[in-house]
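Below, each chain spelled out in residue letters.
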Amino acid sequence: MADSNPRFQASGRAFAHIARFHPEITAFRRDLHAHPELGFEEIYTSGRVQESLRACGVDEIHPGIGRTGVVGVIHGRSTASGRMIGLRADMDALPMCEENDFNWRSAKKGLMHGCGHDGHTAMLIGAARYLAETRDFDGTAVLIFQPGEEGFAGARAMIEDGLFDRFPVSSVYAMHNWPGLPAGTVGINRGAMMAAADRITIEITGKGGHGAHAYLTVDPVLVSAHIITAVQSIVSRNVRPIDAAVISICAVQAGDTGAMSVVPGKATLVGTVRTFSIRVQAQVEQRLVELCSAVAAGFGATAQVRFERIYPATINTAPEALFAGDVAQSLVGAHNVERNMEPSMGAEDFSFMLQKKAGAYLRIGQDARGGAFLHNSRYDFNDEILPLGAALHAGLIEQGMPLDAVDRPAKSAAASVAS
């Protein structure tokens, strides 16, 4: 069971209150870990969330938003301000085999909570219990349990299903555990936290034939090799050094490994592009199309580039990032809050929510337990940080909608907290 005295220091009434039921939220987290589900298949998880929200005494529970998403609503001691803030946790697991041997390891072969979404859900349930028990805020807390973050764009599905029409929050916040930070620390910045993730597919058409008479062919394998090398020049020779971009060709498909002397007629390359800026994203797409077409034409082949925008970049709004950093500082102290955290080239579909609403995405440190980072078959969420994450969620609500600021506009109230 979880250690009720974690190896880090945190302060505040919310943290002390939530620490009292640390064992319960740990048990909840481990139950979710043992029963992982993929995006839009979170039937068991969604049911457990609804059951827990009912037990917490929240005011409203709205299931089925974005297929398997759930929204819980908690009204403060006063709602005179009309303010509304959203908190989001993702719920889905990954299609990977777990190699851990603890009692709560995955009971489903080929499925695993390898990214800590079980912990994110548990932290928000912990916040729900605290907020429903205390209600020390003026406004409405909207708790968003989101499906399908791992490549399914569940955030977009919830938005398209009317999430922000039904719950018109002024701002929305999310956090992700980060094994690269020590437990008890929080990271954030006032701009990009995660990159846009785009998929590229390059289809090369040549002319197949006999490998012994290659001069009669237009070899798409040869063309592929030149394209793979050439596209690496796009970042180094087209993107400004002060910008950031990554192009990775991650899969090549051509020919048959059982046919050593057959030159295929087609080849397909698949990869990803990561950028933070829409301008750089468009620049990379244009150069990919131009370069691949030109290289292929030089060999007498053709190349078609399909550039699919999967997730946009996750960009914090500066006032909300400043405010969230101040809330974290009130819990763990200034020396444990990294306010200029280096962005990651990974991607996150919370970006869709930040395209619609002001808000911020935080990282909460959890240590690399056993040396395992995210998406590792031996990864596990660090249960010691559950009360801290829950208290951080709660602090965003209490400090963002304080009871002593009933007559002040939401924006100025948030600014007074952040100053």
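Residues numbered from 1 in each chain as written. Predicted model: local features only at pLDDT ≥ 70, side-chain atom pairs only at ≥ 80, totals over all residues. Heavy atoms only, no water.

**Quick word on the overall build of the protein**
Within the protein, the secondary structure is distributed over 12 helices and 16 strands. Taken against the 2.2 N^0.38 rule, which gives 22 Å for 419 residues, the C-alpha radius of gyration of the protein at 24 Å falls within 12% of a compact globule. Burial status across the protein gives 57% buried among its 419 residues. Of the contacts made within the protein by residues no fewer than 6 positions apart, 82% connect residues no fewer than 24 positions apart. Approximately 17300 Å² of the protein is accessible, and the part contributed by carbon and sulfur atoms is 52%. (Helix = DSSP H or I, 4+ residues; strand = E, 2+ residues; numbered from the N terminus. Rg over C-alpha atoms; globule rule 2.2 N^0.38 Å. Buried < 20%, exposed > 50% of the residue type's maximum accessible area, 1.4 Å probe, protein only. Contact = heavy atoms within 4.5 Å. Areas by Shrake-Rupley, 256 points an atom, 1.4 Å probe, with all protein chains shown as cover.)

**Looking at helix H3 (residues 43-56)**
For H3, with 14 residues, the first-to-last C-alpha span of 20 Å sits near the 20 Å given by 1.5 Å per residue. Residues of H3 that are buried make contact with helix H2 (22-34), strand S1 (60-65), strand S2 (69-75), helix H4 (117-134) and strand S4 (140-146). Just beyond H3, the residue with positive phi is Gly57, at close to 85 degrees. (Expected span 1.5 Å × (residues − 1).)

**Topic: the packing of aromatic side chains**
Tallying each qualifying case throughout the model produces 6 aromatic pairs. Consider the rings of Phe40 and Phe152, whose centres lie 5.9 Å apart with planes at 80 degrees: the pair is edge-to-face. Highlighted residues: Phe40 in the loop between H2 and H3 and Phe152 in the loop between S4 and helix H5 (154-160), separated in sequence by 112 residues. The exposure class of Phe40 is buried, given its relative accessible area of 15%. Judged by relative accessible area, which is 40%, Phe152 ranks as partly exposed. Here the basic side chain of Arg67 rests over the ring of Phe40, its NZ or CZ set 4.3 Å away from the ring centre. The lysine or arginine in question, Arg129, covers the ring of Phe21, its NZ or CZ lying 4.0 Å from the ring centre. (Phe/Tyr/Trp six-rings, centres within 6.5 Å; stacked < 30°, edge-to-face > 60°. Lys NZ or Arg CZ within 6 Å of the ring centre and 35° of its normal.)

**Side note on unusual backbone geometry**
For Arg135, which is not a glycine, the phi torsion comes out positive at approximately 55 degrees. With respect to the helices, strands and loops of the structure, Arg135 is situated in the loop between H4 and S4.

**A word on the sheet that holds strand S15 (residues 337-338)**
Pairing in this open sheet of 8 strands is mixed, and the strands run S1-S2-S4-S3-S5-S16-S6-S15 from one edge to the other. Both edges of this open sheet fall to S1 and S15, since each of them pairs with a single strand only. Two strands pair when backbone bridges link them, and strand S6 (residues 186-187) and strand S16 (residues 358-365) are joined in this way by 2 bridges, in the antiparallel orientation. Looking at the pairing, Val186 lines up with Ile364 of S16. Relative to the sheet, helix H9 (residues 318-332) contacts strand S5 (171-178), S6, S15 and S16, its axis offset from that of S16 by approximately 35 degrees. (Pairing = 2+ DSSP bridges. Axes fitted to C-alpha atoms, helices over the stretch in contact; angles between N-to-C directions.)

**Concerning the nonpolar core**
Counting 68 residues, the largest nonpolar core has Ile74 and Phe145 as its most contacted members. The greatest single-element share of this core, amounting to 9 residues, is contributed by H4. Beyond its immediate stretch of four places on either side in the chain, Ile74 contacts Val58, Asp59, Ala128, Leu131, Ala132, Arg135, Phe137, Gly139, Thr140, Ala141 and Leu143. (Core = buried A, V, L, I, M, F, W, Y, C linked by side-chain atoms within 4.5 Å.)

**Comments concerning the pattern of salt bridges**
Evaluated as defined, the whole model comprises 24 salt bridges. Between Arg88 and Asp349 there is a salt bridge, and its shortest N-O distance comes to 2.9 Å. You can see Arg88 sitting in strand S3 (residues 84-90) and its partner Asp349 sitting in the loop between S15 and helix H10 (350-356), a full 261 residues away along the chain. Pair check on accessibility: Arg88 and Asp349 agree, each one buried. Between Arg287 and Glu290 there is a salt bridge whose closest N-O contact spans 2.7 Å. In this pair, Arg287 and Glu290 both sit in helix H8 (residues 278-298), 3 residues apart, roughly one turn of the helix. According to the relative accessible area criterion, Glu290 is partly exposed, its value standing at 36%. (Salt bridge = Lys/Arg side-chain N within 4 Å of Asp/Glu carboxyl O.)

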